[in-house]
Amino acid sequence: MGQRSIAKSVVAGGLLGGALDLLFAVSFAAYNGAAPSRVFQAIASGLLGDAASSGGVCVDVLGIACHFGMSILWAGLFALIAWRQPALARRPILAGLVFGIVVFLTMRLVVLPLSAYPHPVTFKPLATVLDLLSHMFLFGTPIALVVSRAILAQGSNNSFKPNTLRGGNLQR
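Each value, and the rule that gives it
- Residues numbered from 1 in each chain as written.
- Predicted model: local features only at pLDDT ≥ 70, side-chain atom pairs only at ≥ 80, totals over all residues.
- Heavy atoms only, no water.
- Helix = DSSP H or I, 4+ residues; strand = E, 2+ residues; numbered from the N terminus.
- Expected span 1.5 Å × (residues − 1).
- Bend = angle between axes of the 7 residues up to and from the residue.
- Buried < 20%, exposed > 50% of the residue type's maximum accessible area, 1.4 Å probe, protein only.
- Contact = heavy atoms within 4.5 Å.
- Axes fitted to C-alpha atoms, helices over the stretch in contact; angles between N-to-C directions.
- Parallel < 35°, antiparallel > 145°, perpendicular 65-115°, else oblique.
- Nonpolar A, V, L, I, M, F, W, Y, C, P; charged D, E, K, R; others polar.
- Salt bridge = Lys/Arg side-chain N within 4 Å of Asp/Glu carboxyl O.

## A short note on helix α2 (residues 36–48)
For an α-helix, the turn length of 3.6 residues means that residues three or four places apart are oriented alike.
So, point 1. Given a rise of 1.5 Å per residue, 13 residues ought to cover 18 Å, and the 18 Å separating the end C-alpha atoms of α2 matches this to within 8%.
So, point 2. Helix geometry: α2 is bent most strongly at A42, by close to 25 degrees.
So, point 3. When α2 is considered as a whole, its buried residues turn out to be V39, F40, Q41, A44 and S45.
So, point 4. Looking at the packing, one finds that the buried side of α2 touches α1 (3–31) and α3 (57–84).
So, point 5. Of the residues one or two after α2, G49 is the one with positive phi, at around 70 degrees.

## Describing the packing of α2 against α3
Two numbers describe a pair of packed helices, the interaxial angle and the distance between the axes.
So, point 1. Running from amino to carboxyl end, α2 crosses α3 at an angle of 75 degrees, the nearest separation of the two axes being 7 Å. Relative to α3, the element α2 is oriented roughly perpendicular. Each of S37, F40, Q41, I43, A44, L47 and L48 in α2 lies in contact with α3, whose residues at this interface are V59, D60, L62, G63, I64, C66 and H67.
So, point 2. For the contact of α2 with α3, the class distribution of residues is nine nonpolar, four polar and one charged.

## Quick notes on the pattern of salt bridges
So, point 1. Tallied over the full model, the rule gives one salt bridge.
So, point 2. Among the salt bridges present, the one from D131 reaches R108, with a minimum N-O distance of 2.9 Å. Residue D131 is located in helix α6 (residues 125–156), and its partner R108 is located in helix α5 (residues 92–114); the two are separated by 23 residues in the primary sequence. In terms of burial, D131 and R108 fall into one category: buried.

## Some details on the side chain of H135
So, point 1. For H135, the location among the structural elements is in helix α6.
So, point 2. We classify H135 as buried; its relative accessible area is 9%.

Here is the structure:
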């Protein structure tokens, strides 16, 4: 176990969380009468703006790639934070739920407004609650579980020493 296994867990956790989040988004869109391609185009609109809505398969693929790329980046951020704060890795469900809230709020309040996304960010009650729950249970928690397992496994090999990261005297 080493840095390689943590990197693999970041990719695996990001792909798992991203897949579950995308499955929710596609399902919710279908429930509301929209095709999956509309979800993928909405994601791609963060880069392309309004032009994404007239795109075809290439725009759909771009949207999917952007979604999974962001998911892996978020998983990497969780790994970095959990590596520096081992208590998060020891409580991955709680950490994942909170991480999901942070991701939801950051995406809605920072990333989307700064991107080329062509619509104002809204907080319609039902969609907001469902999207928040999706980020908590289907995105943040799977990432935290997968990444935390790798971080804790590294600690069991005595190569992970939290007290050397922060200069403190932490108990495991």
